[in-house]
Amino acid sequence: MDESYLKKLVVARLKTIPPNVGFSVGSHGDFSRDQIIKNVMDNTAIGKEFSQLELRMLIDTPKLVGRLSGTKASSY
Amino acid sequence: MEQRLLLTRSRHDIANQYLYAYSEEILDDAQKAGWKVDRVEDGKCVETELDSRLSKNKPVFVFFNGHGSNVSIHGNNNEKLVDDKSASKLAGTIVFARSCAALNGLGKAAVKDGCRAFIGYSGSFIVPHINELESTPLRDQTAKPVLEVSNLVGKHILKGDTVQNSIGAAQSKASDTILKMLVSSEPYDGATFRALYQNSAFLGFVGDPNAKI
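Starting from 1, residues in each chain are numbered consecutively following that chain's sequence as written. A letter from A marks each chain and a number from 1 marks each ligand, given out in the order of writing. Totals for whole chains, interfaces and linings use every residue, but because this is a predicted model, local features are given only for residues with pLDDT of at least 70 and side-chain atom pairs only at 80 or more, for both listing and counting. Excluded from the side-chain calculations are hydrogens and water; all other atoms, namely the structure's heavy atoms, are used.

Asker: Kindly report on the packing of helix 3 (residues 45-60) of chain A against helix 6 (residues 189-202) of chain B, identifying the contributing residues and their values.
Answerer: What describes two packed helices is the angle between their axes and the distance between those same axes. With their axes 11 Å apart at the nearest point, helix 3 of chain A and helix 6 of chain B run at an angle of 90° to one another. Overall, the two elements helix 3 of chain A and helix 6 of chain B adopt an arrangement that is roughly perpendicular. On helix 6 of chain B, the residues that touch E49(A), L53(A), E54(A), R56(A), M57(A) and D60(A) of helix 3 of chain A are F193(B), R194(B), Y197(B), Q198(B) and F202(B). Nonpolar residues are Ala, Val, Leu, Ile, Met, Phe, Trp, Tyr, Cys and Pro. Charged residues are Asp, Glu, Lys and Arg, and all others, Gly as well, are polar. The residue inventory of the contact of helix 3 of chain A with helix 6 of chain B, partitioned by class, reads 5 nonpolar, 1 polar and 5 charged. Angles run from 0 to 180 degrees between N-to-C directions of axes, and those axes are lines fitted to C-alpha atoms, restricted for helices to the stretch in contact. The secondary structure listing takes helices from DSSP runs of H or I that are at least 4 residues long and strands from runs of E that are at least 2 residues long, numbered from the N terminus. Here roughly perpendicular refers to angles of 65 to 115 degrees, roughly parallel to angles under 35, roughly antiparallel to angles over 145, and oblique to all remaining angles. Note on contacts: a residue pair qualifies if any of its non-hydrogen atoms lie within 4.5 Å across the two residues.

Asker: Account for the pattern of salt bridges, with residues named and values stated.
Answerer: Residue and element names in this part refer to chain B. Should a side-chain nitrogen of Lys or Arg be within 4 Å of a carboxyl oxygen of Asp or Glu, the pair is scored as a salt bridge. Taken as a whole and judged by the stated rule, the model has 22 salt bridges over all chains. In this structure, the salt-bridge partner of E41 is R9, at a minimum N-O distance of 2.7 Å. In this pair, E41 sits in strand 2 (residues 36-41) while R9 sits in strand 1 (residues 4-9), placing the two residues 32 residues apart along the sequence. The salt bridge involving E25 is made with K155; its shortest N-O contact spans 3.1 Å. Separated by 130 residues along the polypeptide, E25 in helix 1 (residues 14-32) and K155 in helix 4 (residues 144-158) bring together distant segments of the chain. When salt bridges that share partners are traced, they join E2, R4, K36, D38, E49 and R53 into one network.

Asker: Describe in detail the nonpolar core, supporting the description with residues and values.
Answerer: Core analysis: the biggest nonpolar cluster contains 61 residues, and F23(A), F50(A), L5(B), F61(B), I119(B) and V163(B) have the highest contact counts within it. Broken down by element, the residue count for this core peaks at 8 residues, all from helix 1 of chain B. Remark: nonpolar core denotes a set of buried residues (Ala, Val, Leu, Ile, Met, Phe, Trp, Tyr, Cys) joined through side-chain atoms within 4.5 Å. Each residue is placed in one exposure class: buried if its accessible area under a 1.4 Å probe, protein chains only, is under 20% of its type's maximum, exposed if it is over 50%, and partly exposed if it falls in between. Counting 22 residues, the second largest nonpolar core, distinct from the first, contains V40(B), I73(B), L90(B) and A97(B).

Asker: How would you sum up the sheet that holds strand 2 (residues 30-32) of chain A? Please name residues and give values.
Answerer: With antiparallel pairing, 3 strands are arranged side by side in an open sheet as 2(A)-1(A)-8(B). Of all strands in the sheet, those bounded by a partner on one side alone are strand 2 of chain A together with strand 8 (126-130) of chain B. Between one strand axis and the next, the sheet turns by 25° as a mean value, whatever way the strands run. The pairing of strand 1 (residues 21-25) of chain A with strand 2 of chain A spans 3 bridges and is antiparallel. For G22(A), the partnering residue across the bridge sits in strand 2 of chain A and is S32(A). Lying on the sheet, helix 2 (residues 33-41) of chain A is in contact with strand 1 and strand 2 of chain A; it crosses strand 2 of chain A at an angle near 95°. Across the sheet, helix 1 of chain B lies against strand 1 and strand 2 of chain A together with strand 8 of chain B, angled at about 95° from strand 8 of chain B, the strand it touches most. Each pair of strands is called paired provided DSSP finds at least two bridges between the two strands.

Asker: Residues and numbers for the packing of aromatic side chains, please.
Answerer: Ring pairs (aromatic) are described by centroid distance and by the angle formed between their planes. The rule is short: rings of Phe, Tyr and Trp, with Trp giving its six-membered ring, pair when the centres are within 6.5 Å, and they are stacked under 30 degrees, edge-to-face over 60, tilted in between. Per the stated rule, a full pass over the model turns up 5 aromatic pairs over all chains. Between F23(A) and F50(A), the aromatic rings sit 5.4 Å apart at their centres with planes inclined by 65°, giving edge-to-face as the arrangement. Of the two residues, F23(A) sits in strand 1 while F50(A) sits in helix 3, which places them 27 residues apart along the sequence. Given the relative accessible area of 1%, F23(A) is considered buried. Taking 4.9 Å as the distance between ring centres and 70° as the angle between the ring planes, the aromatic pair formed by F63(B) and F96(B) counts as edge-to-face. Of this pair, F63(B) sits in strand 3 (residues 61-65) while F96(B) sits in strand 6 (residues 94-98); the two residues are 33 residues apart in sequence, bridging distant segments of the chain. Feature note: the residues F61(B), F63(B), F96(B), Y121(B) and F125(B) constitute an aromatic cluster, connected by ring pairs. Between the NZ or CZ atom of R9(B) and the centre of the ring of Y20(B), over which it lies, the distance is 3.7 Å. Distance and angle both matter: a charge sits over a ring if NZ of Lys or CZ of Arg is within 6 Å of the ring centre and within 35 degrees of the ring normal.

This is how it looks when you write it as C-alpha cells:
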C-alpha cells in the first residue's frame, strides 16, 4: 500500500466526522476537522499524528477489547 | 497524613477551558470526601504559587490540568509550572498530569527525585469539541466521555485506590465506550472514540503501581 493510498484512506475516514467538530491537540493548538485533513494531506507533524492514530485504530480494532480492558496499566 | 489535593487549572484557551470545566467534578468529589483542597487556578496558576502551596501545605495528591511537553507542565498562558529540572518539588506526592507527553521525561525525573507515582500521558492528549458548544464545555457531548474517563483516574485516587487500579478503571471505561461508539450511528461519536482511543493508548505511569492515599 503506497503513501497516497493510505492518505486517501485516512482522509475518507476523517470525513465521516461532522465538519463542525474541532480537536484540541495539547499545545499544538486547535484544529477543525478540515484543518486536520489538510494537515494529513500536507504531511505535517499533526497530520502524521492523526494518520498514525487512524491506522493504529484500523490495525488494533480486532484486539481492542483485550488491550483496553484495563487488566494491566502501561508502566514505564 | 492530611488528605490534601492540589489541583491546577486555567482558562486561557479552548483546551484549558474544557479541562477547567471538567475538573470541577474532581474538586467536588474531594471536598465531599473531606479532603482539603488547594486550587492553583487562572492568574494564580503560576510556578511561584505552585511552589508556595507545595512547600507550605504539602499535598499528597497533585492533579495538573494544562499543556505539557516531554519535560514540563504549563499553567496560565502556558507559563511553565514544573519541569524535569525542578521535579523534586513533587517528592512524596502522587501526581496525575492531564497534560501531553509529560509522562516521558518529567514523570521519570519526578519519580527519580522522590515522587511516589506519576500518572500521565506519553503522547498528545486530545479533546474533541463541537464548535457551537465551546463556550459551554459541560454540554459538549463529544468531549464529555473523554474527560469523564480521564477524571476516573483522579476519582479513584481520591477514593484510596492504587495507581494501577485507578488507571485500569479509566482504561476499562474507555474500552467499553469505544466499543459502543464503533457501532454507533451518531456521527459525533467518531470524534469521541478517536480521542478516547488516543488518550487511553498513551495513559500510563511511572513509580509504585501500589501507591495510594
